[in-house]
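Analysis of the macromolecular model
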Amino acid sequence: MIVLGIESTAHTFGIGVVRNGKILANLKDTYTTQSGGIVPKEAAKHHSEVKEKIYSDALEKAEINEKEIDAIAFSQGPGLAPCLLEGLRFAKELSGRLKKPFVPVNHCISHLEIGKITGAENPVMLYVSGANTQIIAYSANRYRIFGETLDLGVGNFIDTFARLLDLGFPGGPAVQKLAEKGKKYIELPYVVKGMDISLSGILTNLRQKFESEKYSREDLAYSMQETVFAMLIETAERALAHTGKKELLLGGGVACNNRLQSMAKIMCEERGARLFVPENALLVDNGAMIAFLGEVMFKAGISFSHNKIDDLDIMPRQRTDEIEVRWK
Ligand code: ATP
Ligand code: FE2
């Protein structure tokens, strides 16, 4: 069986091809601007410009003919409406042309399910990307959100901090490098509210400290990472304790960060849990995770016939716990 996956929730347009749980291709093109601020219509325009090329390159990489595709999976939500619409439109076009069924996939859950490829079976996931920051785990037919950010996603927070320091976009890798040179820990607000975190006050505090010119950029970057990642790890640990699960899985672009990975490793070792970190290409937004979950769902009988194409729409505000998990 071969399933094609289309990702288009935000900056990235990606196509993945999966055959029986094995990734045959995972190609993407990401819309970027100098500031990193996303103009949804511009990103959507980017997606429509690159889609044909990414598609044909992905088929070539997977060494398949499009007629071999058995189903077409796409990111239905959550995400930016103009971007999601490009993905849906492309899914409809392919499904109509190839007369193959399609499978609507929740983007956040696909970040979690792709973790199975690393051996995770029943993990708590710390999902940290640009727009999303959630702690998710499976319980009673749903993926439930145990904790989340009350304001900014941690990736967007780091990118805004990076812009302040004039580091360009995406800010994450540059901030990580700078933080490695930091030596002195500067006290910052630590904002955990129950299982949730909040970042906007920390951003204001960092801005004031930066503008005061009393602190080095390195120390600010270092202290930001130590503080914010400790908040994430604390809530992830509490979710492990609360659910009794023994596996932590990382997902989302911010999970590429070495320091976050090492803090997660220490926490897991201390409580006898196992840590799973997919390779970077599967942490960031990508088409392979959509194809991967799409195949699992398709095998469980969850799909729409190509002539039901008009019944399906995007769901920009789809919540992780809205989805009834019928594939387990
Ligand atoms: P969504 O929120 O819809 O999942 P996205 O496009 O914002 O989508 P990703 O591709 O998962 O998300 O992640 C992008 C984010 O990851 C950016 O904010 C970027 O700065 C951050 N990032 C990438 N590498 C690192 C790193 N080494 N350290 C910290 N943050 C990083
Ligand atoms: Fe994502």
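This text goes with the structure placed above it.
Attention here is on the structure that accompanies the text. Fair warning: this is a prediction, and the values are worked out from it, not measured in the lab. (Residues numbered from 1 in each chain as written. Chains lettered and ligands numbered in written order. Predicted model: local features only at pLDDT ≥ 70, side-chain atom pairs only at ≥ 80, totals over all residues. Heavy atoms only, no water.)

1. Structural notes on the coordination of the iron ion (ligand 2)
Protein coordination of the iron ion (ligand 2) is provided by His107 (NE2), His111 (NE2), Tyr127 (OH) and Asp285 (OD), with donor distances spanning 2.1 to 2.7 Å. In terms of primary sequence, the donors binding the iron ion (ligand 2) are separated according to H-x3-H-x15-Y-x157-D. Of the two residues, His111 is situated in helix H3 (residues 107-113) and Asp285 in the loop between helix H9 (280-283) and helix H10 (287-299); the sequence distance between them amounts to 174 residues. Residue His111 shares its accessibility class with Asp285, and that shared class is buried. (Donors = N, O, S within 2.8 Å, 3.2 Å for Na, K, Ca; no water. Helix = DSSP H or I, 4+ residues; strand = E, 2+ residues; numbered from the N terminus. Buried < 20%, exposed > 50% of the residue type's maximum accessible area, 1.4 Å probe, protein only.)

2. Brief notes about the packing of helix H7 (residues 217-243) against helix H8 (residues 258-270)
H8 packs onto H7 with a crossing angle of 35 degrees between their chain directions and a minimal axis gap of 10 Å. When the axes of H7 and H8 are compared, the crossing they make is right-handed. Note on element contacts: H8 touches H7 through Arg259, Leu260, Met263, Ala264 and Met267, opposite Gln225, Glu226, Phe229, Ala230, Leu232, Ile233, Ala236, Glu237 and Leu240. Per-class residue counts for the contact of H7 with H8 are ten nonpolar, one polar and three charged. (Axes fitted to C-alpha atoms, helices over the stretch in contact; angles between N-to-C directions. Left-handed = near helix turned anticlockwise from the far one by under 90°. Contact = heavy atoms within 4.5 Å. Nonpolar A, V, L, I, M, F, W, Y, C, P; charged D, E, K, R; others polar.)

3. Some points on the site of ligand 1
By nearness alone, 22 residues border ligand 1, and Ser129, Ala131, Asp159, Gly253 and Asp285 come closest of all. Between an oxygen atom of ligand 1 and a main-chain N or O atom of Ala131, the distance comes to 2.8 Å. Asp159 is positioned such that a nitrogen or oxygen atom in its side chain is 2.7 Å from an oxygen atom of ligand 1. When ligand 1 sits alone it has 650 Å² of accessible area, and the protein chains cover 90% of it. Counting only elements with at least two residues in the shell around ligand 1, the list comes to helix H4 (154-164) and helix H5 (171-180). Per-element accounting of the shell around ligand 1 gives the leading share, four residues, to H5. In the shell around ligand 1, the residues fall into seven nonpolar, 13 polar and two charged. (Near = heavy atom within 4 Å. Polar contact = N/O pair within 3.5 Å; in protein donor to acceptor, adjacent residues only side chain to side chain. Areas by Shrake-Rupley, 256 points an atom, 1.4 Å probe, with all protein chains shown as cover.)

4. Quick word on the sheet that holds strand E12 (residues 274-276)
If you trace the five strands from one edge of the open sheet to the other, you get E8-E7-E6-E11-E12, paired in mixed fashion. Of all strands in the sheet, those with a lone pairing partner are strand E8 (142-148) and E12, marking the two edges. Adjacent strand axes in the sheet meet at a mean angle of 25 degrees when their direction is disregarded. Judged from the three bridges that link them, strand E11 (residues 247-251) and E12 form a sheet pairing that is parallel. Its bridge partner lying in E12, Leu249 is registered against Phe276. Seen against the sheet, H7 touches strand E6 (124-128), strand E7 (133-139), E8 and E11 and runs at an angle of roughly 155 degrees to E6. (Pairing = 2+ DSSP bridges.)

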